[in-house]
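Below are the chains, spelled out letter by letter.
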Amino acid sequence: MDLIQAHGVAMTEFDRRVRQIAPDQWSLGTPCREWSVRDLVGHLVYEQLWAPELLAGCTAAQVGDRFDHDNLGDDPLVSWVVAAAAAREAWLGPFALAKPVTVSSGKLDAEEYCWQMTTDLAVHAWDLARSIGADERIDPDLASTVLKYVERNIDEWSASPMFDSPVPVAPDADDQTRLIGLLGRKP
């Protein structure tokens, strides 16, 4: 599975879970200790809003605090759908992966940025499913593809506060279980 395809599948996986959130589930907790379901969806909407701006060549400084508020409003599903569609369109643009992007920490290859976005979508699809009691299985090819990316980067991320310490899993665990465990979630 190539990166753009993986990104599309990851977005679909997250989208499927967002559409299953019942009105009384927005305040439920998630595997991301500090976040409710609403916070988790808000995080992904925020990320999707940034993608078209960065892929168009804007710097983090130029975007500024434009998205530093509640981006979900009264209809979180619509907010997600609109932001996700704009982000996906930006990723499908000509030479999107060939452009460098400037994030708050500096310049980054767009390909690396897309891997990060894809990983976040895939793992948070699992988080959201776990939180709302939906099917936790993500596409097996997506799990395998993202696992390979995470395995290449996990040592570098170990000092980062973004992820909890890896959770041990059975040696014969499937790729999704290994992925979830590597990123500090209990399968």
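These notes cover the structure that comes with them. (Residues numbered from 1 in each chain as written. Predicted model: local features only at pLDDT ≥ 70, side-chain atom pairs only at ≥ 80, totals over all residues. Heavy atoms only, no water.)

## Side note on the nonpolar core
Step number 1: In this structure, Phe-14, Val-41, Trp-80, Trp-91, Leu-128 and Val-150 are the most contacted members of the largest nonpolar core, which totals 58 residues.
Step number 2: Of all the secondary structure elements, the ones that give two or more residues to this core are α1 (3-18), α2 (37-55), α3 (60-63), α4 (76-91), β1 (100-103), α5 (110-132), α6 (140-157) and α7 (175-182).
Step number 3: In this structure Trp-91 touches Ile-4, His-7, Ala-51, Leu-55, Ala-96, Leu-97, Ala-110, Tyr-113, Cys-114 and Met-117, once residues within four positions along its chain are discounted. (Core = buried A, V, L, I, M, F, W, Y, C linked by side-chain atoms within 4.5 Å. Buried < 20%, exposed > 50% of the residue type's maximum accessible area, 1.4 Å probe, protein only. Helix = DSSP H or I, 4+ residues; strand = E, 2+ residues; numbered from the N terminus. Contact = heavy atoms within 4.5 Å.)

## Looking at α4
Step number 1: Over its 16 residues, α4 extends 22 Å from the first C-alpha to the last, a length consistent with the 22 Å expected when each residue adds 1.5 Å.
Step number 2: Lining the buried residues of α4 we find α1, α2 and α5. (Expected span 1.5 Å × (residues − 1).)

## Things to note about the side chain of Gln-48
Step number 1: Within the fold, Gln-48 resides in helix α2.
Step number 2: Discounting chain neighbours no more than four positions away, the residues touching Gln-48 are Met-11, Trp-80, Ala-83, Ala-84, Ala-87, Met-117 and Leu-121.

## Examining α5
Step number 1: Between its first and last C-alpha atoms α5 spans 32 Å; for 23 residues at 1.5 Å apiece the expected length is 33 Å, and the two agree.
Step number 2: Of all 23 residues in α5, 19 are buried; the element is thus mostly enclosed.
Step number 3: Downstream of α5 by one or two residues, Gly-133 has phi in the positive range, about 75°.

## Digging into the packing of aromatic side chains
Step number 1: For the structure shown, the criterion picks out five aromatic pairs.
Step number 2: Seen from their ring centres, Trp-50 and Phe-67 are 6.0 Å apart, and the 70° between their planes marks the pair as edge-to-face. Residue Trp-50 is found in helix α2, and its partner Phe-67 is found in the loop between α3 and α4; the two are separated by 17 residues along the sequence. The same class applies to Trp-50 as to Phe-67, namely buried.
Step number 3: Pairwise contacts between aromatic rings join Tyr-46, Trp-50 and Phe-67 into one cluster.
Step number 4: The positively charged end of Arg-152 is found above the aromatic ring belonging to Trp-115, 5.8 Å away from the centroid. (Phe/Tyr/Trp six-rings, centres within 6.5 Å; stacked < 30°, edge-to-face > 60°. Lys NZ or Arg CZ within 6 Å of the ring centre and 35° of its normal.)

## With respect to the side chain of Ser-131
Step number 1: Mapped onto the fold, Ser-131 is located in helix α5.
Step number 2: Owing to a relative accessible area of 14%, Ser-131 belongs among the buried residues under this scheme.
Step number 3: Only 2.9 Å separates the side chain of Ser-131 from the backbone oxygen of Asp-127, close enough to count as a polar contact. (Polar contact = N/O pair within 3.5 Å; in protein donor to acceptor, adjacent residues only side chain to side chain.)

## A short note on unusual backbone geometry
Step number 1: The backbone phi angle of Phe-95 is positive, close to 60°, even though this residue is not glycine.
Step number 2: Of the residues examined, Phe-95 reaches a relative accessible area of 69% and is grouped as exposed.

## What to know about the pairing of strand β2 (residues 106-109)
Step number 1: Relative to β2, β1 is paired through four bridges, and the arrangement is antiparallel. Bridged to Pro-100 within β2 is Asp-109.
Step number 2: Hairpin connection between β1 and β2: a loop of two residues separates the two successive antiparallel strands. (Pairing = 2+ DSSP bridges.)

## A short note on the environment of Arg-16
Step number 1: Position of Arg-16 among the secondary structure elements: in helix α1.
Step number 2: For the pair Arg-16 and Ala-125, spaced 109 residues apart in the sequence, the C-alpha separation amounts to 8.3 Å.
Step number 3: Among residues more than four places away in sequence, those in contact with Arg-16 are Asp-135 and Arg-137.
Step number 4: Among the polar contacts made by the side chain of Arg-16, one reaches the side chain of Glu-13 at a distance of 2.5 Å.

## Observations regarding the packing of α2 against α5
Step number 1: α5 packs onto α2 with a crossing angle of 160° between their chain directions and a minimal axis gap of 11 Å. Considering their axes alone, α2 and α5 lie roughly antiparallel with respect to each other. Handedness of the crossing formed by α2 with α5: left-handed. Facing Val-37, Leu-40, Val-41, His-43, Leu-44, Glu-47, Gln-48, Trp-50, Ala-51, Leu-54 and Leu-55 of α2, the residues of α5 in contact are Ala-110, Tyr-113, Met-117, Asp-120, Leu-121, His-124, Asp-127, Leu-128, Ser-131 and Ile-132.
Step number 2: Its residues assigned to classes, the contact of α2 with α5 shows 14 nonpolar, four polar and three charged. (Axes fitted to C-alpha atoms, helices over the stretch in contact; angles between N-to-C directions. Parallel < 35°, antiparallel > 145°, perpendicular 65-115°, else oblique. Left-handed = near helix turned anticlockwise from the far one by under 90°. Nonpolar A, V, L, I, M, F, W, Y, C, P; charged D, E, K, R; others polar.)

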